[in-house]
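# Remarks on the overall topology
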Amino acid sequence: MMAAKKFSKKIVVLGDPAVGKTSLIRRFVIDAFDDKYLTTIGAKIVKKQVALRSGGAKPDVDVTLMIWDIAGQKTLGNVKQAYYRGAEGAIIVCDMTRRETLMSMVDWIKTLKQVTGELPLVLLANKCDLMDQALFGEKEMQEVSNQLKSPFLITSAKDGRNVNDAFQNISSLLIDATG
Ligand code: G3D
Ligand code: MG
């Protein structure tokens, strides 16, 4: 049996205040290795290992994700560069009940790429459990996804829908990018 390859990757989770970034991370992560906010950076970092099983064609891979979450309700302007530096992938989140959070995804990504250059992204439309309040859906997400050439998922941090898939997805893209 081939030993699993091991990688450690920094990802950042971005999006407007209250879209559900912290809730999604909390839903996904059990093992918070550093639960205190790093006040100089304004971020909280948690780690979790993701196992990618190839089914034998390629070696299995264990990715340790270092997941950076912005502390508090920071807006685009005052997020420190240190937060983005060294990020190898990103999850960008919007809230299906607020259309403006969809629009600002592009801005978050633009600012991120100014620091990191091109990197794998996964786009999330969160709060799908609030179906009756949703102001956009798959169609709009598909458009943004085409525009940004990045996959999207419809998620709920509340009921857990697609949350694991989101982090599995970014992990696979990170490994593909590593080669
Ligand atoms: P942020 O980290 O992006 O700022 P939070 O967002 O994770 O703090 O979430 C903001 C609010 O949205 C929280 O409500 C949280 O419970 C809620 N929320 C997050 N994800 C979901 C979801 O998938 N579905 C629903 N229904 N609510 C969600 P409060 O009331 O605690 O401020
Ligand atoms: Mg938060």
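First things first, this report covers the structure right here in the doc. (Residues numbered from 1 in each chain as written. Chains lettered and ligands numbered in written order. Predicted model: local features only at pLDDT ≥ 70, side-chain atom pairs only at ≥ 80, totals over all residues. Heavy atoms only, no water.)

### Regarding the pairing of strand E4 (residues 61-70)
Where burial is concerned, most of E4 is hidden: nine out of the ten residues are buried. Here ten bridges tie strand E3 (residues 43-52) to E4, and the two strands are oriented antiparallel to one another. For Ala43, the partnering residue across the bridge sits in E4 and is Ile70. (Buried < 20%, exposed > 50% of the residue type's maximum accessible area, 1.4 Å probe, protein only. Helix = DSSP H or I, 4+ residues; strand = E, 2+ residues; numbered from the N terminus. Pairing = 2+ DSSP bridges.)

### A few points about the pattern of salt bridges
In total, this model carries nine salt bridges according to the counting rule given. The salt bridge partner of Asp62 is Lys6, with a shortest N-O separation of 3.3 Å. Note that Asp62 is positioned in strand E4 and Lys6 in strand E1 (residues 5-14), a separation of 56 residues in sequence. Taking the relative accessible area as the measure of exposure, Lys6 reaches 62% and is therefore exposed. Ionic pairing is found between Lys9 and Glu88, a salt bridge with its closest N-O pair at 3.4 Å. Note that Lys9 is positioned in strand E1 and Glu88 in the loop between helix H2 (81-84) and strand E5 (89-95), a separation of 79 residues in sequence. Of the residues examined, Glu88 reaches a relative accessible area of 32% and is grouped as partly exposed. When salt bridges with common partners are traced through the structure, they connect Lys6, Arg53, Asp60 and Asp62 into a single cluster. (Salt bridge = Lys/Arg side-chain N within 4 Å of Asp/Glu carboxyl O.)

### With respect to the site of ligand 1
In the vicinity of ligand 1 lie 16 residues, with Ala18, Lys21, Ser23, Asp129 and Ala157 positioned nearest. Between an oxygen atom of ligand 1 and a side-chain N or O atom of Ser156, the distance comes to 3.4 Å. Within the backbone of Ala157, one N or O atom sits 2.8 Å away from an oxygen atom of ligand 1. Burial of ligand 1 by the surrounding chains reaches 63%, relative to a free accessible area of 650 Å². For the shell around ligand 1, the element with the highest residue contribution is helix H1 (residues 21-28), accounting for three residues. (Near = heavy atom within 4 Å. Polar contact = N/O pair within 3.5 Å; in protein donor to acceptor, adjacent residues only side chain to side chain. Areas by Shrake-Rupley, 256 points an atom, 1.4 Å probe, with all protein chains shown as cover.)

### Details of helix H5 (residues 138-148)
Within H5, the full set of buried residues consists of Glu140, Met141, Val144, Ser145 and Leu148. Projected down its long axis, H5 carries its buried residues within an arc of 140°, all on one side. Away from its buried face by more than 90 degrees, H5 exposes Lys139 and Gln147. Looking at the packing, one finds that the buried side of H5 touches E5, helix H3 (99-103), helix H4 (105-116), strand E6 (121-126) and strand E7 (152-154). (Arc of directions from axis to C-beta. Contact = heavy atoms within 4.5 Å.)

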